[in-house]
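This is what each chain is made of:
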Amino acid sequence: MKISVVGTGYVGLVSGVCFSELGNQVICVDKDQRKVDVLNKLQSPIYEPGLTELIEKNYREKRLEFTTDLSYGVKNSDIVIIAVGTPPLPNGEANLLYIEQVATEIATEMNDYKIIMTKSTVPVGTNHRIKEIVSNLTKFPFDVVSVPEFLREGSAVKDTLNPDRIVIGTESEAAMKILTDLHKPLTDNIIVTDIRSAEMIKYASNAFLATKISFINEIANICDKVGADVTKVAEGMGYDKRIGAAFLNAGIGYGGSCFPKDTNALVQIAGNANYDFKLLKSVIEVNQNQRFNIMEKLKASLTTLSGKTVAVWGLAFKPNTDDVRDAPAFEIISELVANGVKVKAFDPIAQENFRTQFNHPDIQWCESPLDAAKDSDAICLLTEWDVFKSINLFEVQNVMANPVLIDGRNVFSKEQISLTKFDYKSIGRPGIKNEKVLVKS
Ligand SMILES: NC(=O)c1ccc[n+]([C@@H]2O[C@H](COP(=O)([O-])OP(=O)(O)OC[C@H]3O[C@@H](n4cnc5c(N)ncnc54)[C@H](O)[C@@H]3O)[C@@H](O)[C@H]2O)c1
Ligand SMILES: O=c1ccn([C@@H]2O[C@H](COP(=O)(O)OP(=O)(O)O[C@H]3O[C@H](CO)[C@@H](O)[C@H](O)[C@H]3O)[C@@H](O)[C@H]2O)c(=O)[nH]1
């Protein structure tokens with residue numbers, strides 16, 4: 001099939017590349033000339049495992065093009081995918097400016113029947129708004145279909161090629177058949193529904209996953225007080241098929257460009273319909289507080305923060321991505337600096353992105369985890385990158401001024417910690433510690 005994708009960010013680029021990998025003819029359109037230039041050099045503007053290889057392969061096999069020319073993309077495709085951002089407005093509602101702009105641009109460039117397929121996460125009713133915009137501007141026939149995206153950053157290619165399900169929200173039998181054929185090579189689990197339900201499935205899924213995370217984080221906080229181990233609790237819960245083991249990793253809470261934005265947007269969607277979504281409001285509040293749990297643990301170990309040096313391991317909101325949107329590291333580092341701490345920061349991939357958005361004279365940018373740990377009074381681990389998981393903790397403790405390790409992602413095991421000198425604190429695992437702690441405050 002002939003497809004164009006408008007918006008080549010984390011979603012649009014991965015979708016476009018994966019559709020070309022399935023044998024479709026794909027034109028990726030972005031208004032950002034810099035991104036398109038990078039792509040035309042067969043490089044990826046984002047870090048996503050496996051993506052660069054697929055870009056190169058499908059470009060060379062002439063199934064994939066990159067352009068800033070939306071008219072070219074629309075005119076040479078049967079399916080136009082909208083994958084532009086829907087960032088939050090100050091009140092938490094989704095900003096639909098980019099969606100409306102793209103709908104207008106698509107409408108003015110149409111030359112034949114098109115399926116307009118929305119992958120961006122949009123509030124209920126938005127696809128009907130797109131339909132209204134387009135129908136006011138074109139005489140050509142078209143259908144608007146909601147196909148929400150469920151990929152995760154860091155495993156986006158894998159998730160796109162092996163989705164748990166595809167949701168197709170449509171009012172058109174013809175569009176449903178075409179889009180079912182398009183997605184059939186990916187999965188048999190295709191759910192066809194009305195447009196409003198498809199839009200809601202996306203928000204409800206993200207809100208439910210965020211709820212699981214805040215739930216387990218509250219259980220972890222109680223575990224800390226009563227001497228239980230949250231990882232054992234999660235394991236024991238997870239074997240119950242009705243609960244499931246996924247998304248029960250306690251830590252410093254969720255970040256990223258989706259959960260914080262989409263939970264707030266759903267609270268607004270509910271509010272606009274005169275419904276007070278109390279549960280989700282609590283989920284958001286718990287998540288916000290959880291980011292500072294690590295500060296309390298750090299204060300308990302160091303007594304005073306002012307004048308101390310703290311290594312921060314991990315800046316991305318999760319491993320295997322360069323994305324720092326709404327990463328907990330922003331608020332945690334701000335709080336450290338505000339308390340008079342000198343920060344030594346290291347992230348294997350996201351460091352440059354983070355630094356361009358947040359620089360401060362009290363932050364020293366480091367070249368390795370060991371470099372960050374050197375002469376530090378404590379380490380705060382914020383992202384569970386493999387490079388931290390596999391580090392030699394004996395080497396680390398020997399270069400530190402004071403062996404304090406606050407593990408915000410429960411990375412290290414009892415076995416790894418027990419033989420070290422670390423004053424070790426994690427989230428909801430009070431029993432994992434070294435009995436012979438040597439702390440200088
Ligand atoms: N990032 C994720 O993991 C993820 C997963 C599922 C759904 N989503 C949703 O998908 C949407 C896109 O998210 P993203 O993370 O890919 O965003 P992004 O910011 O990475 O990418 C959006 C792209 O759209 C481009 N763009 C904006 N207006 C344009 C226009 N008029 N013409 C051409 N290009 C234009 C921007 O230049 C940018 O490159 C959002 O609604 C998001 O909520 C994101
Ligand atoms: O048990 C867990 C699982 C995740 N997280 C955190 O939750 C955040 C989000 O992680 P993840 O969901 O893996 O990454 P995203 O790329 O944000 O993906 C989510 O958001 C996307 C955008 O809507 C959806 O498409 C995906 O289905 C949904 O998982 C990260 O900060 C994680 O550290 C936890 O704290 N504990």
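As the structure is a prediction and not an experimental result, all values here were calculated from the model.

**Focus on the pattern of salt bridges**
Point 1. Taken as a whole and assessed by the stated rule, the structure comprises 28 salt bridges.
Point 2. When the shortest N-O distance is used, the salt bridge between R291 and E331 registers 2.8 Å. In this pair, R291 sits in helix 12 (residues 278-302) while E331 sits in helix 13 (residues 328-338), placing the two residues 40 residues apart along the sequence.
Point 3. Overlapping salt bridges, with partners in common, bring together E100, R129 and E132 in one network.

**What about the layout of surface pockets?**
Point 1. Considering only enclosed or pocket space, the second largest pocket measures out at about 250 Å³ in volume.
Point 2. V230, T231, K232, A234 and N249 are the residues nearest the centre of the second largest pocket, which is lined by 14 residues in total.
Point 3. Residues belonging to the lining of the second largest pocket are distributed by class as follows: 6 nonpolar, 3 polar and 5 charged.

**Quick notes on the domain arrangement of the protein chain**
Point 1. Segmentation of the protein chain into domains returns domain 1 (2-192), domain 2 (202-289) and domain 3 (291-425).
Point 2. Each of domain 1 and domain 2 was reduced to a C-alpha centroid, and the two centroids are 29 Å apart.
Point 3. Contacts between the two partners involve 16 residues from domain 1 and, on the opposite side, 11 residues from domain 2.
Point 4. At the junction of domain 1 and domain 2, the tally comes to 6 residue pairs in polar contact (both at pLDDT 80 or more).
Point 5. Looking at side-chain class alone, the side of domain 1 that touches domain 2 contains 8 nonpolar, 4 polar and 4 charged residues.

**Some details on the packing of helix 12 against helix 13**
Point 1. Axis separation between helix 12 and helix 13 bottoms out at 10 Å; the angle between their running directions is 40°. In terms of orientation, helix 12 and helix 13 fall into the oblique class. Taken as a pair, helix 12 and helix 13 cross one another with a handedness that is right-handed. Listed contacts from helix 13 to Q288, R291, F292, I294, M295 and L298 of helix 12 are P328, E331, I332, E335 and L336.

**What about the site of ligand 1?**
Point 1. Around ligand 1, the structure places 25 residues, and the nearest of them are D30, K35, T86, E153 and K261.
Point 2. The contact in question runs from an oxygen atom of ligand 1 to an N or O atom on the backbone of V11, over 2.9 Å.
Point 3. Residue K261 places a side-chain N or O atom 2.6 Å away from an oxygen atom belonging to ligand 1.
Point 4. Here ligand 1 has 830 Å² of accessible area as a free molecule, and 91% of this is covered by the chains.
Point 5. Looking at the shell around ligand 1, its residues break down into 8 nonpolar, 7 polar and 10 charged.

Definitions and limits used
- Residues numbered from 1 in each chain as written.
- Chains lettered and ligands numbered in written order.
- Predicted model: local features only at pLDDT ≥ 70, side-chain atom pairs only at ≥ 80, totals over all residues.
- Heavy atoms only, no water.
- Salt bridge = Lys/Arg side-chain N within 4 Å of Asp/Glu carboxyl O.
- Helix = DSSP H or I, 4+ residues; strand = E, 2+ residues; numbered from the N terminus.
- 1 Å grid on protein atoms, 1.4 Å probe; cavity = no way out; pocket = protein on both sides within 12 Å on 5 of 7 lines; lining within 4 Å.
- Points joined across faces, edges and corners; volume = space filled by probe spheres on them.
- Nonpolar A, V, L, I, M, F, W, Y, C, P; charged D, E, K, R; others polar.
- Domains from an automatic or database assignment.
- Contact = heavy atoms within 4.5 Å.
- Polar contact = N/O pair within 3.5 Å; in protein donor to acceptor, adjacent residues only side chain to side chain.
- Axes fitted to C-alpha atoms, helices over the stretch in contact; angles between N-to-C directions.
- Parallel < 35°, antiparallel > 145°, perpendicular 65-115°, else oblique.
- Left-handed = near helix turned anticlockwise from the far one by under 90°.
- Near = heavy atom within 4 Å.
- Areas by Shrake-Rupley, 256 points an atom, 1.4 Å probe, with all protein chains shown as cover.

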